Amino acid sequence: MRIDIWSDLICPWCWIGKRRFEQALISFPQRDQTEIVHHSLQLDPAMPTDRVVRQTDMLVATYGMTLAQARASQLALERTAATVGLEYHLADRTIGNTASAHQLVQLAGDRGVQDAVVEGLYRAHFTQQRSLFDHECLIGLAGEAGLDPDEAHRVLAEGTYADAVDADARQARALGATGVPFFVIDNRYGVSGAQPPEIFIEALSHAWADTHPAEERADEAMTHPA
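The rules behind the values
- Residues numbered from 1 in each chain as written.
- Predicted model: local features only at pLDDT ≥ 70, side-chain atom pairs only at ≥ 80, totals over all residues.
- Heavy atoms only, no water.
- Axes fitted to C-alpha atoms, helices over the stretch in contact; angles between N-to-C directions.
- Helix = DSSP H or I, 4+ residues; strand = E, 2+ residues; numbered from the N terminus.
- Parallel < 35°, antiparallel > 145°, perpendicular 65-115°, else oblique.
- Contact = heavy atoms within 4.5 Å.
- Nonpolar A, V, L, I, M, F, W, Y, C, P; charged D, E, K, R; others polar.
- Buried < 20%, exposed > 50% of the residue type's maximum accessible area, 1.4 Å probe, protein only.
- Pairing = 2+ DSSP bridges.
- Right-handed = clockwise from strand over helix to strand, strands pointing away.

**Points about the packing of helix H4 (residues 99–111) against helix H8 (residues 162–174)**
1) Next: Viewed as axis vectors pointing N to C, H4 and H8 meet at an angle of 95°, and their least axial separation amounts to 9 Å. Classed by the angle they form, the pair H4 and H8 counts as roughly perpendicular. Contacts between H4 and H8 involve Ala99, His102, Gln103 and Gln106 from the former and Ala162, Ala164, Val165 and Asp168 from the latter.
2) Next: Partitioned by chemical class, the residues of the contact of H4 with H8 number four nonpolar, three polar and one charged.

**Concerning the pairing of strand E1 (residues 2–7)**
1) Next: Judged by how many residues are buried, E1 sits mostly within the fold: five of six residues are covered.
2) Next: Where E1 meets strand E2 (residues 35–40), six bridges bridge the pair, whose relative direction is parallel. Across the sheet, Asp4 pairs through a bridge with Val37, a residue of E2.
3) Next: You can see the chain leave E1, run along helix H1 (residues 12–26) and come back into E2, and the turn it takes is right-handed.
4) Next: With four bridges connecting them, E1 and strand E5 (residues 182–185) associate as antiparallel partners. Bridge pairing in E5 links Ile3 to Ile185.

**Regarding the sheet that holds E1**
Note on sheets: strands pair through backbone hydrogen bonds, and any given pair is parallel or antiparallel.
1) Next: Reading across the sheet, the four strands line up as E2-E1-E5-E6 and stay open at both edges, with mixed pairing between neighbours. Both edges of this open sheet fall to E2 and strand E6 (189–192), since each of them pairs with a single strand only. The mean inter-strand angle of the sheet, taken between neighbouring strand axes irrespective of direction, is 20°.
2) Next: On top of the sheet, H8 reaches E1 and E2; it is set at about 100° to E2, its chief contact.

This is the structure:
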């Protein structure tokens, strides 16, 4: 069973949502029969590629927060991340255009190391204070996660996967996604946001039952014998 996940690498809820989904998957009996595919969906594809901004400044400018409110929001997110074992440091985080980073996620999908690359990029941004907006830094991160640095350099220089990144965004919009993270389970169940694990478990179970009704009836008979 395939699970498609749309996310942006600088969205704090996306890594939290990924970890909550993984917690749910641990409790899913058919987890070994699932395939996870990561897709690109930028929060702000129009963001300039030649500069970065402080996240707190963006919160103030976009949502009309005061600096104190912006920092309080970041602290709340840091505490939420900690509940699923993630370490966030948001106070001095900068954000920028993630198109190049998403190209590496696409490359990683073709090379069979997509989850490792996605995890490495999240960790670099939220925990290690490393840049996702500088090609040299991205190439180093790609190498650490299992990609060939020379190939990563070539992909970024040539924009090899730029069309694939755009195609992911179009597909997400066609499916009705209005934000990230966005999960589609077995092409039939959509889950928006970083939902609690029990929501993901319910969606996984329903999707599996729809395509394996005989197995579900057999499981019920074993659990509730006449």
